[in-house]
Amino acid sequence: MTADPDDAELIARSLGGDVDAFMEVVRRHEAAVGAYLARRAGRDAAEDLLGEVWVAALASRAAYDRSFPGARPWLFGVAHNVLRRHWRSRPAEEPRADVPDAVSGWDPWAAVDDRVDAEPVLLRALALLRPQQREILALVAWEDLTVADAGRAIGMPPGTARRYLHEARAALRDAPGMAALLTEHDTIKEAR
C-alpha cells in the first residue's frame, strides 16, 4: 500500500505540471483556511478572500519551503497576507478589528448567558494585545498550530513566537475583568 504524498510533494508535483496535485492541497486545507478567514473577516468576506488565498498560494508555491511536509502554516501565512491587504483596502469609515468574530465562534456550546457576559470582556482583552501577539495566540488557540508553525505562518522565528504567546497569555490574565471571568469559568466547569 502506497502512502499518500505529503503537501510538500504535492506542491513539487504541481510545479512540475501536475494540475491535480495543487488541487489536492486545496482540498486538504480548504476548510481550515476558510474557517481562519471567517473568524477574522466574517463569513461573507471569507468566501471571496478564500479564492484570493488559493490564487496567491498557487502563484507563490515555488517559494514554499519543501523541507516542511505540511503546508497548513504556509497557507495561514498566505491567508494572513490576503487579510492584511483586505483590511488596508477598506474605507476608513469601516474599520474592522483583526479578530472580530473569534470569540463568537470559539465555544459554540456555552450557555447564552455566559456568552453574553464573557464575549465583551474577552474582546476588550484581545483588543489590548499587539497585533502580532493576537495573531500568534489565535493561530495557536483557534487554528491548532504549534507555536513554531504559528511563527512560521507570519514570518517570525520560533523563539519570538514563543515570547509573543507568553506575553499575550500574561496580558490576557492581567486584563480587566479576565480574572473574574476565568474564576467563573473554572467554577462552572467544576460544577458540570
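Per chain, residues are indexed from 1 in the order of the written sequence. A pLDDT threshold of at least 70 governs which residues receive local features in this predicted model, and a stricter bar of 80 or more applies before side-chain atom pairs are shown or counted, although totals over entire chains, interfaces and linings include all residues. Hydrogens and water molecules were not included; the side-chain quantities draw on all heavy atoms of the structure.

- The name that an unreviewed UniProt entry assigns to the protein chain is Sigma-70 family RNA polymerase sigma factor, with the source organism given as Actinomadura montaniterrae.
- Recorded under Sequence similarities (unreviewed entry), the UniProt text for the protein chain is reproduced unchanged: "Belongs to the sigma-70 factor family. ECF subfamily." UniProt positions are given in the numbering used here, feature names are shortened, and annotations may be inferred rather than shown by experiment.

### Considerations on the overall build of the protein chain
No. 1: Secondary structure counts use DSSP, requiring at least four H or I residues in a row for a helix and at least two E residues in a row for a strand, with both numbered from the N terminus. Regarding its fold elements, the protein chain presents nine helices and zero strands.
No. 2: Written out in order from the N terminus, the α and β elements of the protein chain read α-α-α-α-α-α-α-α-α.
No. 3: Only heavy atoms enter the contact rule, under which two residues are in contact if any of them lie within 4.5 Å. Of the contacts formed within the protein chain by residues at least 6 apart in sequence, a portion of 62% connects residues at least 24 apart.
No. 4: Per-residue and other accessible areas follow the Shrake-Rupley method at a 1.4 Å probe size, with only the shown protein chains counted as cover for residues. About 11,100 Å² of surface is accessible on the protein chain, with carbon and sulfur atoms providing 54% of the total.

### Section: the nonpolar core
No. 1: Buried Ala, Val, Leu, Ile, Met, Phe, Trp, Tyr and Cys residues that are joined via side-chain atoms within 4.5 Å together make up what is termed a nonpolar core. Each residue gets one of three labels from its accessible area relative to the maximum for its type: buried under 20%, exposed over 50%, partly exposed in between, using a 1.4 Å probe on protein chains only. Grouped together as the largest cluster of nonpolar side chains are 54 residues, with contacts concentrated most on Val33, Leu37 and Ile136.
No. 2: At the level of elements, helix 1 (7-15), helix 2 (19-41), helix 3 (43-60), helix 4 (72-89), helix 5 (112-127), helix 6 (131-141), helix 7 (147-153) and helix 8 (158-174) are the ones that each hand at least two residues to this core.
No. 3: Sort the elements by how many residues they give to this core and helix 2 lands first, with ten residues.
No. 4: Counting contributing residues, this core receives three or more from each of domain 1 (1-90) and domain 2 (97-191).
No. 5: Setting aside residues up to four positions removed in sequence, Leu37 forms contacts with Gly42, Ala46, Leu49, Leu50, Val53, Ala79 and Leu83. Note that domain bounds follow an automatic or database assignment of domains.

### Some details on helix 1
No. 1: Inspection of helix 1 places Asp7, Ala8, Leu10, Ile11 and Ser14 among the buried residues, and these make up the whole buried set. One face of helix 1 carries all of its buried residues, which in axial projection span an arc of 160°.
No. 2: Against the buried residues of helix 1 lie helix 2 and helix 4. Here the arc refers to the directions that run from the helix axis out to each C-beta atom.

### Let's talk about the pattern of salt bridges
No. 1: In what follows, salt bridge is the name for a side-chain nitrogen of Lys or Arg lying within 4 Å of a carboxyl oxygen of Asp or Glu. Across all of its chains, the model carries ten salt bridges by this definition.
No. 2: Note that Arg28 is salt-bridged to Glu24, the shortest N-O span being 3.2 Å. Placement of both Arg28 and Glu24 in helix 2 is noted, with a separation of four residues, approximately one turn of the helix.
No. 3: Glu167 is the salt-bridge partner of Arg130, the closest N and O atoms lying 3.3 Å from each other. Of this pair, Arg130 sits in the loop between helix 5 and helix 6 while Glu167 sits in helix 8, and the two are 37 residues apart along the sequence.

### Focus on a negative patch on the surface
No. 1: The patch calculation keeps residues exceeding 30% relative accessible area without a salt bridge and links them within 9 Å when they carry like charges or within 5 Å when they are nonpolar (Val, Leu, Ile, Met, Phe, Trp, Tyr). Only four residue types enter the charge count: Lys and Arg as positive, Asp and Glu as negative, with His and the chain ends excluded. Taken as the charge centre is NZ of Lys, CZ of Arg, CG of Asp or CD of Glu, depending on the residue. Negative charge collects at one region of the surface, where Asp44, Glu47, Asp48 and Glu52 lie side by side.
No. 2: With respect to the helices and strands, Glu47 occurs in helix 3.
No. 3: According to the relative accessible area criterion, Glu47 is exposed, its value standing at 62%.

### Here we look at the packing of aromatic side chains
Working definition: an aromatic ring pair is given by the centre-to-centre distance plus the angle between the planes.
No. 1: Any two rings among Phe, Tyr and Trp, with Trp reduced to its six-membered ring, count as a pair given centres within 6.5 Å; such a pair is stacked if its planes are under 30 degrees apart, edge-to-face if over 60, and tilted if neither. Taken as a whole and assessed by the stated rule, the structure comprises two aromatic pairs.
No. 2: Between the aromatic rings of Tyr36 and Phe76, the centroid separation amounts to 4.9 Å while the plane-to-plane angle is 40°, which identifies the pairing as tilted. Residue Tyr36 is located in helix 2, and its partner Phe76 is located in helix 4; the two are separated by 40 residues in the primary sequence.
No. 3: Ring centres of Tyr64 and Trp74 lie 5.1 Å apart, and the angle between their planes is 65°; on these two criteria the pair is classed as edge-to-face. Note that Tyr64 is positioned in the loop between helix 3 and helix 4 and Trp74 in helix 4, a separation of ten residues in sequence. Exposure class is identical for Tyr64 and Trp74. Each is buried.
No. 4: As a reminder, the over-ring test applies to NZ of lysine and CZ of arginine, requiring each to be within 6 Å of the ring centre and within 35 degrees of the ring normal. Looking at Arg152, its charged tip hangs above the ring of Phe68, at a distance of 3.6 Å from the centre.
No. 5: Directly above the aromatic system of Tyr164 lies the positively charged group of Arg163, at a separation of 4.9 Å from the ring centroid.

### Brief notes about the side chain of Glu143
No. 1: Structurally, Glu143 is set in the loop between helix 6 and helix 7.
No. 2: Taking the relative accessible area as the measure of exposure, Glu143 reaches 7% and is therefore buried.
No. 3: Definition of a polar contact: a pair of N or O atoms within 3.5 Å, with one able to donate and the other able to accept a hydrogen when the atoms are protein atoms, and with sequence-neighbouring residues admitted only if both atoms are side-chain atoms. A polar contact is formed between the side chain of Glu143 and the side chain of Arg40, at a distance of 3.1 Å.
No. 4: Discounting residues that sit within four places of it in the chain, Glu143 has contacts with Ala32, Tyr36, Arg39, Arg40, Phe76 and Ala138.

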